[in-house]
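# Observations on the three-dimensional arrangement
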Amino acid sequence: MSRYLALRAVQTVLTLAIMSLVVFLLIGLMPGDPIDLMISGDPTMKSEDAARLRTAYGLDKPLLERYAAWAFEALQGNFGYSRSFGQPVLAVLWPRLLNTLLLAGIAFGLSVAIALPLGIWAAAHPRSRADYLINLFCFAGISAPPFWLALLLITLFAVELGWLPAGGMADIRPETPWHAAFADQLRHLALPVLTLTLVQLSGYTRFMRGAMIEALRQDYVRTARAKGAPERIVLWHHAFSNALAPVLTILALSFGGLVSGALITETMFSWPGMGKAIYQAILENDYNLALIGLLVATTATIVGNLLADLGYAWVDPRVSLSAGTA
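Now for a quick tour of the structure.

How each quantity is defined
- Within every chain, residues take consecutive numbers counted from 1 along the sequence as written.
- A pLDDT threshold of at least 70 governs which residues receive local features in this predicted model, and a stricter bar of 80 or more applies before side-chain atom pairs are shown or counted, although totals over entire chains, interfaces and linings include all residues.
- Hydrogens are left out, water is left out, and the side-chain values use all remaining heavy atoms of the structure.
- To qualify as a helix, a DSSP run of H or I must reach at least 4 residues; to qualify as a strand, a run of E must reach at least 2; elements of each kind are numbered from the N terminus.
- Only protein chains enter the accessibility calculation, which uses a 1.4 Å probe. A residue is then buried if its area is under 20% of the maximum for its type, exposed if over 50%, and partly exposed in between.
- Contacts are assigned to residue pairs that have any heavy atoms within 4.5 Å of one another.
- Under the convention used here, a 1.4 Å probe and the Shrake-Rupley method define accessible areas, while residue burial counts only the protein chains that appear.
- Residues belong to a common nonpolar core when they are buried Ala, Val, Leu, Ile, Met, Phe, Trp, Tyr or Cys residues joined through side-chain atoms within 4.5 Å.
- Only the six-membered ring of Trp is used, alongside the rings of Phe and Tyr, when aromatic pairs are assigned; centres must lie within 6.5 Å, and planes under 30 degrees apart are stacked while those over 60 apart are edge-to-face, with the rest tilted.
- In the sections that follow, a salt bridge refers to a side-chain nitrogen of Lys or Arg positioned within 4 Å of a carboxyl oxygen of Asp or Glu.

### Side note on the overall build of the protein chain
What the protein chain contains, in helices and strands, is 13 helices and 2 strands. Looking at the protein chain as a whole, 39% of its 326 residues qualify as buried. Counted over contacts in the protein chain with a minimum sequence separation of 6, partners at least 24 positions apart contribute 73%. Of the roughly 17900 Å² of accessible surface on the protein chain, 68% is carried by carbon and sulfur atoms.

### Considering the nonpolar core
In terms of nonpolar packing, the biggest core is built from 24 residues, with Met-208 and Met-212 touching the most fellow members. Listed by contribution, the elements that provide at least two residues to this core are helix 5 (89–124), helix 8 (178–216), helix 9 (219–226) and helix 10 (231–261). If we ignore the near neighbours within four places in the chain, the residues touching Met-208 are Ala-115, Leu-116, Gly-119, Ile-120, Phe-240, Ala-243 and Val-247. Counting 21 residues, the second largest nonpolar core, distinct from the first, contains Ala-74, Met-274, Leu-291 and Leu-295.

### As for the packing of aromatic side chains
A complete count under the given rule lists 5 aromatic pairs for this structure. Ring geometry for Phe-108 against Tyr-204: centres 6.1 Å apart, planes inclined by 80°, an arrangement best described as edge-to-face. On the criterion of sequence distance, the pair formed by Phe-108 in helix 5 and Tyr-204 in helix 8 is long-range, its members being 96 residues apart. Feature note: the residues Phe-24, Tyr-67 and Trp-70 constitute an aromatic cluster, connected by ring pairs.

### With respect to the pattern of salt bridges
With the rule as written, the count across this model stands at 2 salt bridges. Across the pair Arg-209 and Asp-131 runs a salt bridge whose closest N-O atoms are separated by 2.8 Å. Taken as a pair, Arg-209 in helix 8 and Asp-131 in helix 6 (residues 129–143) lie far apart in primary sequence, 78 residues in all. Residues Arg-209 and Asp-131 agree in their burial class; the two are buried. Between Asp-219 and Arg-222 there is a salt bridge whose closest N-O contact spans 2.3 Å.

### Digging into unusual backbone geometry
Not every positive phi belongs to a glycine, and Arg-127 is a case in point at roughly 60°. By the element assignment, Arg-127 lies in the loop between helix 5 and helix 6. The residue Ser-270 is not glycine, and still its phi comes out positive at about 50°. Here Ser-270 falls in the partly exposed class, since its relative accessible area comes to 41%.

Written out as structure tokens, the structure is:
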């Protein structure tokens, strides 16, 4: 296990290094630069001033040389400043990362808590009315675009009924009691969490149903039933424990993608999260913010992949990580 984790740590460092280079080059090859944005905002700026600013920011150097200078500073813990926000990159990203983890974490937990029992129930009662209804719900959820679902929920609950706010994170004043602030936070979380939950729930339910149906066809399940084991034991002890391995892989990988994958939901509900910050940084040529944001998202995906491997080995004793395989 220790050898496997050491190998994965080395792979993670190499992946992040390659990813940082690729992202830096792609952002650097985009048309325009931050100085061009300054010129468009201040037409009176002279060309001499623009050239002096490019020299001060190092934008007059080749891309590889600029990347080497950035990497040297990053290895010392200096990730630079965000030109859009005028703050250190970590000071900008950290609260937004927490906001995304709050939103995505609640939605992920709700989707898993609902999807697993639904998938098991549908697999235990194939071709029943409940199975058809669950499948219909899943196909509708998979087919519905997130932005359309968000607009539908905003129109219904915020515009027509007026029960929930249409966007933002909170309307809290400094003198607000903690219980009122907590309730206000929940009201602002309701619609984006519901949107993300519905989007994820359908796919997770389908994965769980398919894995359970496959497990229920195995010989050991038929043997357990032939020996008179109760159906509850057959489902949860024999079938579920074996069907969980592929589902854990999907869950771990999808959670890593949630760090940057909630862009549409965050934009539709004006939620100040990571996805929206990365998108804004790319549009405004904010090199440092976009680069670190994408590296954080890459790290989350790699960690999700590692958790998937560890989870697979945990639920399936036949899988060994000591040789570096999962």
